[in-house]
Amino acid sequence: MKRRAPALAAALCLALAASGCATRSAAPAATDSAAKPAAGAGAHTTTATQLQKFMWFFSPYRPDIQQGNFVSQDMLDQLKEGMTRDQVRFVLGTPMLADIFHADRWDYPFRLAKGNGEVTTATVVVYFKDEKVARWEGGNLPSEREYIERIAGPVLKFKKAEEKAASTNAAPGKAPLPAGSETSK
């Protein structure tokens, strides 16, 4: 028993060191310049390998981290050529990057790093000419529902309730009147 304790402690230390408990490299491919998405390519999701998932069992808790502006496909569908900057700001929100050297370009980068190593990135770029939208890059983005399911997972309880409500098209019942206001004939 005394000989097993140092071997067990050494194996545990090796597992913790290999899991990257002090540093986080969730997806090594996501840090390469070739893996960064172009604006026209849409959203990209990189998942962790099986080995990384196994080693994260030994690492501390990692929260989900969202950075940037989330732009859904529904929001992008509302964007039209000829819109003013205020209209674009109303539809897509305030841009994350509005560079003074590129005054006719607004960037909407987005990155969601989940604690399990899954990384989702997207970029939308809007170009202006004469203070109006000339064109934009981006597309193939998730809907708001897909984004919420990616964060929280599918909500089965609400899906079942929606299906039940859709299947029973019963008319709503008559609401009771306040006391003393009923009249009898």
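Note that this is a predicted model, so its numbers are computed, not measured.

What counts, and where the lines are drawn
Residues numbered from 1 in each chain as written. Predicted model: local features only at pLDDT ≥ 70, side-chain atom pairs only at ≥ 80, totals over all residues. Heavy atoms only, no water. Helix = DSSP H or I, 4+ residues; strand = E, 2+ residues; numbered from the N terminus. Buried < 20%, exposed > 50% of the residue type's maximum accessible area, 1.4 Å probe, protein only. Contact = heavy atoms within 4.5 Å. Areas by Shrake-Rupley, 256 points an atom, 1.4 Å probe, with all protein chains shown as cover. Core = buried A, V, L, I, M, F, W, Y, C linked by side-chain atoms within 4.5 Å. Salt bridge = Lys/Arg side-chain N within 4 Å of Asp/Glu carboxyl O.

Caption draft 1: Representation of the overall build of the protein. Scanning the protein from terminus to terminus reveals six helices and five strands. When the helices and strands of the protein are read in sequence order from the N terminus, they spell out α-β-α-β-α-α-β-β-β-α-α. Here the protein holds 185 residues, and 29% of them are scored as buried. Long-range contacts, defined here as pairs at least 24 residues apart, represent 64% of the contacts in the protein between residues at least 6 apart. When the accessible area of the protein is evaluated, it comes to approximately 13,200 Å², of which 59% is carbon and sulfur surface.

Caption draft 2: Spotlight on the nonpolar core. By size, the foremost hydrophobic cluster in this structure holds 16 residues, and its most contacted members are Val71, Leu79, Val88, Leu92, Tyr108, Val124 and Val126. The set of elements that each furnish at least two residues to this core consists of helix H3 (73-77), helix H4 (85-92), strand E3 (105-113) and strand E4 (119-129). The dominant element in this core, judged by the number of residues it contributes, is E4, at four residues. Excluding its chain neighbours within four sequence positions, the residues that come into contact with Tyr108 are Asn69, Val71, Val88, Leu92, Gly93, Thr94, Pro95, Ala122, Thr123, Val124 and Val126.

Caption draft 3: Structural view of unusual backbone geometry. Here Asp130, not a glycine, exhibits a phi torsion of approximately 60°, which is positive. Looking at the element boundaries, Asp130 is found in the loop between E4 and strand E5 (132-137). For Asp130, a relative accessible area of 67% corresponds to the exposed category. Unlike most non-glycine residues, Glu131 shows phi in positive territory, near 65°. Position of Glu131 relative to the elements: it lies in the loop between E4 and E5.

Caption draft 4: Main features of the pattern of salt bridges. Per the counting criterion, the structure on display carries seven salt bridges. With its nearest N and O atoms 3.9 Å apart, the salt bridge here joins Asp64 to Lys114. In this pair, Asp64 sits in the loop between helix H2 (50-55) and strand E2 (65-68) while Lys114 sits in the loop between E3 and E4, placing the two residues 50 residues apart along the sequence. Of the charged contacts, one joins Arg135 and Glu137 as a salt bridge, the two residues approaching to 3.1 Å between their closest N and O atoms. Residue Arg135 is classed as partly exposed on the basis of its relative accessible area, which comes to 42%. By relative accessible area, Glu137 is classed as partly exposed at 27%. Among the charged side chains, a salt-bridge network with shared partners connects Arg85, Asp104 and Glu131.

Caption draft 5: The side chain of Ser72, seen in detail. Within the secondary structure, Ser72 sits in the loop between E2 and H3. If near-sequence neighbours (up to four positions away) are discounted, Ser72 is found in contact with Leu141, Pro142, Ser143 and Glu144.

By themselves, these figures tell us nothing about what the structure is for.
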